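Each chain is listed here by its residues.
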Amino acid sequence: RAPSLVHELMAGELRGLDRETFHALLLDGKHRLQSRRRISEGTLTTSLVHPREVFAPAVREGAAALIVVHNHPSGDPDPSPEDLAVTRRLIDAGVLMGVPLLDHVVIAGDRFVSLRERMRFDGG
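For clarity, every value in this text was computed on a predicted model and none was experimentally measured. (Residues numbered from 1 in each chain as written. Predicted model: local features only at pLDDT ≥ 70, side-chain atom pairs only at ≥ 80, totals over all residues. Heavy atoms only, no water.)

Undergrad: I keep staring at the pattern of salt bridges and nothing clicks. Help me out?
TA: A side chain of one charge can pair with a side chain of the opposite charge when the charged atoms of the two come close. This structure, assessed with the given rule, holds nine salt bridges. Where R52 meets E53, a salt bridge forms, and the shortest distance between an N and an O atom there is 3.3 Å. With a relative accessible area of 34%, E53 lands in the partly exposed category. Residues participating in the shared-partner salt-bridge network are R19, R38 and E41. (Salt bridge = Lys/Arg side-chain N within 4 Å of Asp/Glu carboxyl O. Buried < 20%, exposed > 50% of the residue type's maximum accessible area, 1.4 Å probe, protein only.)

Put into structure tokens, the structure is as follows:
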């Protein structure tokens, strides 16, 4: 329902990691959390993500929508150009798959950034 709730749910798991990890929060038709899935683990500064890996569990588990979240070990939650590009690909894939991406939250320690608040999420 809000990026702050995503931060509250995931910060404890992501805080202090030395590598980026990328997770999907699978939601039901009322946008309640169905399950959490770890999608990938990257390096200190990158997390390799492909829409196929993100949407596979969503389709398998019948999710109606999803939110993705990853950490920045650097302590700076500002999204990188790669974060923006991945988010755009996931938005577009979600439109095609009928499983909308509701947000991409970047967590760095006690801070976070919602990419929904930074870019268009309407598939355009």
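Undergrad: Would you mind showing me how to read the side chain of H104 here?
TA: With respect to the helices, strands and loops of the structure, H104 is situated in strand 4 (residues 101–108). Only 2.6 Å separates the side chain of H104 from the side chain of T87, close enough to count as a polar contact. (Helix = DSSP H or I, 4+ residues; strand = E, 2+ residues; numbered from the N terminus. Polar contact = N/O pair within 3.5 Å; in protein donor to acceptor, adjacent residues only side chain to side chain.)

Undergrad: I'm lost on unusual backbone geometry in this one. Help?
TA: If a residue is not glycine, its phi is most likely negative; likewise, a peptide bond is most likely trans. Despite not being glycine, H31 has its phi angle at roughly 65°, a positive value. Among the structural elements, H31 can be located in the loop between strand 1 (21–27) and strand 2 (33–41). Using a relative accessible area of 37% as the deciding quantity, one classes H31 as partly exposed.

Undergrad: Would you take a moment to explain the layout of surface pockets for this structure?
TA: Over the atoms rolls a probe the size of a water molecule, and its path tells where empty space is left. If you add up the space inside the largest pocket, you get close to 330 Å³. Forming the walls of the largest pocket are 16 residues, and the residues nearest its centre are R1, A2, V6, H31 and I67. Looking at the lining of the largest pocket, the elements with two or more residues in it are helix 1 (3–14), strand 1 and strand 4. Among the elements that make up the lining of the largest pocket, the one with the highest residue count is helix 1 (four residues). Of the residues contributing to the lining of the largest pocket, the split by class is 10 nonpolar, two polar and four charged. (1 Å grid on protein atoms, 1.4 Å probe; cavity = no way out; pocket = protein on both sides within 12 Å on 5 of 7 lines; lining within 4 Å. Points joined across faces, edges and corners; volume = space filled by probe spheres on them. Nonpolar A, V, L, I, M, F, W, Y, C, P; charged D, E, K, R; others polar.)

Undergrad: Explanation requested: a nonpolar patch on the surface in the structure shown.
TA: A grouping of V59, L96 and M97 is seen on the molecular surface, where their side chains present a nonpolar patch of about 340 Å² in accessible area. Its place among the elements puts L96 in helix 3 (residues 81–97). (Patch = residues over 30% accessible without salt bridge, like charges linked within 9 Å, V, L, I, M, F, W, Y side chains within 5 Å. Areas by Shrake-Rupley, 256 points an atom, 1.4 Å probe, with all protein chains shown as cover.)

Undergrad: Looking at this structure, how should I read the pairing of strand 4?
TA: Within a regular strand, side chains alternate between the sheet's two faces. For strand 4, the buried fraction is high: eight of the eight residues fall into the buried class. When strand 3 (residues 65–71) meets strand 4, the two strands line up parallel, connected through six bridges. Paired with V69 across the two strands is V105, which belongs to strand 4. As for the winding sense of the linkage, the β-α-β connection from strand 3 through helix 3 to strand 4 is right-handed. (Pairing = 2+ DSSP bridges. Right-handed = clockwise from strand over helix to strand, strands pointing away.)

Note that all results are geometric; they support no functional claim without further evidence.
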